[in-house]
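# Understanding the architecture of this molecule
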Amino acid sequence: MLHRAAPIVAATSIALLLSACRGDDREFDCSYQAERFAEAAEKEGVLLDAVADVGTYPMAMMISEDGINRLLGGVVGDEIPFASEMQLGPTQVKFTPTSTPTIDVASVPTCAQCVLFSLDFKFGVVQGEDGLTAGLGDAFLAIPIRLDAREDGTAVLVAEYQNATVSKMDISANGFDSENHEAISGALALLATDIVREQYGETELLVIGSLDIGGNDVRALARDLFVVPDLDAIVLGMETNLELPAGTGLDQPEALPEGTPMGILFDPQMILAVAQRMIVEGEIPRRYDEDGNASDDGIYGVTLDAMAPGTVNDDRLDTTFRVWRTDEGYCGYAIAEMPLILSLDSDAGLKVNPGDANVVGGEGSGRLAADREELIQKNQGLIDNFKASLAEQVGLTLNYRSIGVEGSSIFFEPLDISVTQSTNSVNFFLDFVVAANE
C-alpha cells in the first residue's frame, strides 16, 4: 500500500509546483497582458451622458473683491447704479457720486447671495430754480448676484440691480446729519431703493465657458455660486461630464493671495481624467513601436494611473503611469513615477516640465527587469514622447481661458501657480483687465 501511494504523492507535489510556477508564467503571457491592458485602457477617460450634478466641484473659479470691482467697472463703466435724483414733494434732490464705488464681499443678513456696494456722493436740494442746500452723503446697496446656465452650455454671472436694496443711506448738510435721525435715514433708503430698482436692470458681469481641449467633448461647466465673506471672494463651483473616482472634489479653498483677483482651482483627479481622455482621443498617443514612436499597432502601450500633489515642493504634480508590452513574447508592464513641474515663464507663461521617470514596480517583464535603469534607457524614446504629449495636454487644461465679458474684452496675465497638499488642489492665479470693445 505504501509503495502504491508514493507515485500519487509525487505527482501531487509536481502538480502543486507547476501550479505555483504558472502564476509567474502568466505574467509574461502576451495574450493575458494584452487583455489586462485593454481593460485598463477602457476605464480611462469615460464620458458621462451629461455634466454631473453632484455638488463636489472638481474645478472652481474664485474671484476676489478686487476682481468683482474690476468686472463691475469694466461692464458698468460710468453707469453707476445709484439714484441720480429724488423727488420729495415740491423739492428735488440731485446726487453726484464723488468716489469710485466699491464692492465688499460681506455678510448681508437678509441675502446670502448678495455683495455690498458702497459709494460716497454729494447732493443738492433745489425747488424750482432755487437751490436750497447742498451736502455730502454715503450709501450702501445690497446687490443679489446669481449664476444662470445657458442653452449653449455656458453660464453667466448676473448682478440683479433690479432687486438691489439700499440698506443704509445718510446725508449731512448745514450741521444736520441724518445718521442721527433714524426715521429720516430709513425713509431715504426706502426711497432710493425704489428709484434704483426702477432705473436699473440685470447686468451680466461674466460669461463662463467650458474647457477648450481636444475634440471639445470634455465639458467643465459652472454650476453653483457661493458668496464667501471669510475669503473675501465669490466661488463658482464647476462640474464635468468626465467619470471621476468617488471622493473627487475640492475642499474648502484657501483665500486668494493678496493682490490676486482670480484663481482657477483643480482637483488633481480632474487633471488626471482630462489627460486620460486626451489619450482616448489620440492627443496623447496610446501605443508605441519598439523605437518609441506613436503607432496604432505598436507592441507597447501606456495607461495613466494617478496624479497627486508632491510631498517635497509646491510646484510638483506627481504622476504614475504604466508602460505595457503586449506582444512578441516576454510581456508585462512597468509602473513608473514622474513629477510634472509647474512654473511660470515671463515669455511663455505657464510651463509644465516633466521630470525623470523612475520604475517603481511592475509585473512580468516589468517586474523582473534585472536593471530598472536599463529598462528606462531601453524605452527612453517612448517615455520621452509620452512625457512631452502629457505635459502639453496638462498645460492646456490648466490654461483655462473660457471666460468672457459681453461687450468687452478680458485680458489675462498669469501671476503664480502652486500645488497645495493641504487642500489637494492645483491653483492657477491670474490677473486680468476688462476693456470695452470699440
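The shown structure was predicted, so the numbers you read here are calculated from the model rather than taken from an experiment.

## What about a negative patch on the surface?
Taken together, the side chains of Glu290, Asp291, Asp327 and Glu328 present a region of like negative charge at the surface. Relative to the elements of secondary structure, Glu328 occurs in the loop between strand 16 (316-325) and strand 17 (332-345). Classification of Glu328 as exposed rests on a relative accessible area of 53%.

## Looking at the packing of aromatic side chains
Here the distance between the centres and the angle between the planes together describe a pair of aromatic rings. In this structure the tally under the stated criterion is 8 aromatic pairs. Between Phe37 and Trp324 the ring centres are 5.7 Å apart and the planes differ by 55 degrees, which places this aromatic pair in the tilted class. Of this pair, Phe37 sits in helix 2 (residues 30-42) while Trp324 sits in strand 16, placing them 287 residues apart in sequence. Under the relative-accessibility criterion, Trp324 is labelled buried at 2%. A centroid spacing of 5.1 Å and a plane angle of 85 degrees characterise the contact between Phe95 and Phe121, whose relative ring orientation is edge-to-face. Of the two residues, Phe95 sits in strand 3 (residues 91-97) while Phe121 sits in strand 5 (residues 114-127), which places them 26 residues apart along the sequence. Judged on exposure class, the residue Phe95 and its partner Phe121 are both buried. An aromatic cluster of three or more residues is present, and its members are Phe37, Trp324 and Tyr333.

## Some words on the nonpolar core
The biggest cluster of nonpolar side chains holds 101 residues, and the ones touching the most others in it are Met61, Met169, Leu206, Met307, Leu390 and Tyr400. The greatest single-element share of this core, amounting to 8 residues, is contributed by helix 5 (residues 268-280). Ignoring anything within four residues of it in the chain, the contact list for Met307 reads Pro268, Gln269, Ile271, Leu272, Ala275, Leu317, Asp318, Thr319, Leu340, Leu390 and Val394. Counting residues in each nonpolar core, the second largest holds 10 residues, with Leu231, Val235, Leu250 and Leu256 among its members.

Parameters and conventions
- Residues numbered from 1 in each chain as written.
- Predicted model: local features only at pLDDT ≥ 70, side-chain atom pairs only at ≥ 80, totals over all residues.
- Heavy atoms only, no water.
- Patch = residues over 30% accessible without salt bridge, like charges linked within 9 Å, V, L, I, M, F, W, Y side chains within 5 Å.
- Areas by Shrake-Rupley, 256 points an atom, 1.4 Å probe, with all protein chains shown as cover.
- Salt bridge = Lys/Arg side-chain N within 4 Å of Asp/Glu carboxyl O.
- Lys, Arg positive; Asp, Glu negative; His and termini not counted.
- Charge placed at Lys NZ, Arg CZ, Asp CG, Glu CD.
- Helix = DSSP H or I, 4+ residues; strand = E, 2+ residues; numbered from the N terminus.
- Buried < 20%, exposed > 50% of the residue type's maximum accessible area, 1.4 Å probe, protein only.
- Phe/Tyr/Trp six-rings, centres within 6.5 Å; stacked < 30°, edge-to-face > 60°.
- Core = buried A, V, L, I, M, F, W, Y, C linked by side-chain atoms within 4.5 Å.
- Contact = heavy atoms within 4.5 Å.

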